[in-house]
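# Residue-level structure breakdown
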Amino acid sequence: MKAQILNDETGPSGLALTEVPDLVPTDNQLLIDVKSCGICFPDLLMSQGKYQLRVPTPFTPGTEVAGVVAQAPSGSAYSVGDRVQVMSVVGGFAEQVLATDEQLLPIPPELSFDEGAAMGINLQTAIFALKIRANLQPGETVGVLGSAGGVGVATIQVAKAMGAKVIAIVHRTGAEELLKSVGADEVVQLEEGWGTRIKELTGTGVDVLIDPVGGEVFDEALRQVAPDGRFVVIGFAAGGIPTVKLNRVLFRNISVVGAAWGEYVRAHPGLPAKLHQDLTEMVAAGMRPPVNRTYALADLPQALDDLANGKILGKAVVKIAE
């Protein structure tokens, strides 16, 4: 089979498309024929050796798999031919991957394989942040920083499905049509005076602010949270890790909470299945994970370069097989 092998932690340039032996499952493993694999920020960080999980090279990255069960052991909850998502951590950028039952989730019948791959970490992170960490209620207003990225788009979709009003906050131009199409009620450009615009739209600020960006916008973003609101930290895509001025938290009675989905799942392994049920109901009600760009397996290094350089709006996937 063909697989993208990371030989050196030098970023996307360390990957090479390689012919490797077909995988052989053990007694408790399923063999999955991979159809699509999502491209996400952890894949990029792994290629650079910067992710919290360090995997010895050489290895195949790829965390968001959609495919078909090719072999299943006796007693498995899945059968040959089932369409599944694989929470693989690594291994997805290949024609086959091995998994256990605990790593699998059924792809909703309404979705294609590309959409199934786009239903992975981003949507799980979004619903975890909004439902579990922020306790979002219908009718509240959500502000989304980094809204043109994969997590941002997913957060807009989930917040709308949960009955919220959504303000997309974006620094990239040309994204307004996409953001409105996935449910943003308002789009605010991240430029001088953007906080004033948030106050014009909301009066006192947003009830929940989702931040996958960090960096220099943090201080101004914290000011845009309404009294009794929640500021949810998802990550630091801008590179800088900000500090909190606690007087703002204290005197305005706001909460600053973390939403590290991967770390939470390690302590609560049943969480993805519970959140997947909620997401499946949202899909049945009409939500569709958008796939804004596709790449061939051979073009994975270019895909990760594009992700690193902000050239991908929304979600991209690698198409492994038709």
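Residues numbered from 1 in each chain as written. Predicted model: local features only at pLDDT ≥ 70, side-chain atom pairs only at ≥ 80, totals over all residues. Heavy atoms only, no water.

### A look at the packing of aromatic side chains
The following threshold applies: Planes of paired rings set the category: under 30 degrees apart is stacked, over 60 is edge-to-face and the rest tilted, where pairs are Phe, Tyr or Trp rings (Trp by its six-membered ring) whose centres lie within 6.5 Å. The secondary structure listing takes helices from DSSP runs of H or I that are at least 4 residues long and strands from runs of E that are at least 2 residues long, numbered from the N terminus. Note on exposure labels: buried denotes an accessible area under 20% of the residue type's maximum, exposed denotes more than 50%, and partly exposed covers the range between, all computed with a 1.4 Å probe on protein chains only.
Per the stated rule, a full pass over the model turns up two aromatic pairs. Both rings, one in phenylalanine 128 and one in tyrosine 264, keep their centres 4.9 Å apart while their planes meet at 50°; by these two values the pair is tilted. Of this pair, phenylalanine 128 sits in helix H3 (residues 121–133) while tyrosine 264 sits in helix H9 (residues 261–267), and the two are 136 residues apart along the sequence. Using a relative accessible area of 1% as the deciding quantity, one classes phenylalanine 128 as buried. Geometrically, the ring pair formed by phenylalanine 218 and phenylalanine 231 is edge-to-face, given 5.0 Å between the ring centres and 65° between the ring planes. Note that phenylalanine 218 is positioned in helix H7 (residues 218–222) and phenylalanine 231 in strand S12 (residues 225–233), a separation of 13 residues in sequence. Judged by its relative accessible area of 3%, phenylalanine 218 is buried.

### What to know about the pairing of strand S8 (residues 141–144)
Going by this rule: Here, a strand pair is defined by DSSP locating no fewer than two bridges between the strands. Throughout, right-handed denotes a crossover for which the path from the first strand over the helix to the second runs clockwise when the strands point away from the viewer.
Alternating residues of S8 divide into Thr141 and Gly143 and Val142 and Val144, and every residue in both groups is buried. Here S8 pairs with strand S9 (residues 165–170) via four bridges, running parallel. For valine 144, the partnering residue across the bridge sits in S9 and is alanine 168. For the segment spanning S8, helix H4 (residues 150–161) and S9, crossover handedness is right-handed. Here three bridges tie S8 to strand S11 (residues 206–211), and the two strands are oriented parallel to one another. Bridging from a neighbouring strand, glycine 143 pairs with leucine 209 of S11.

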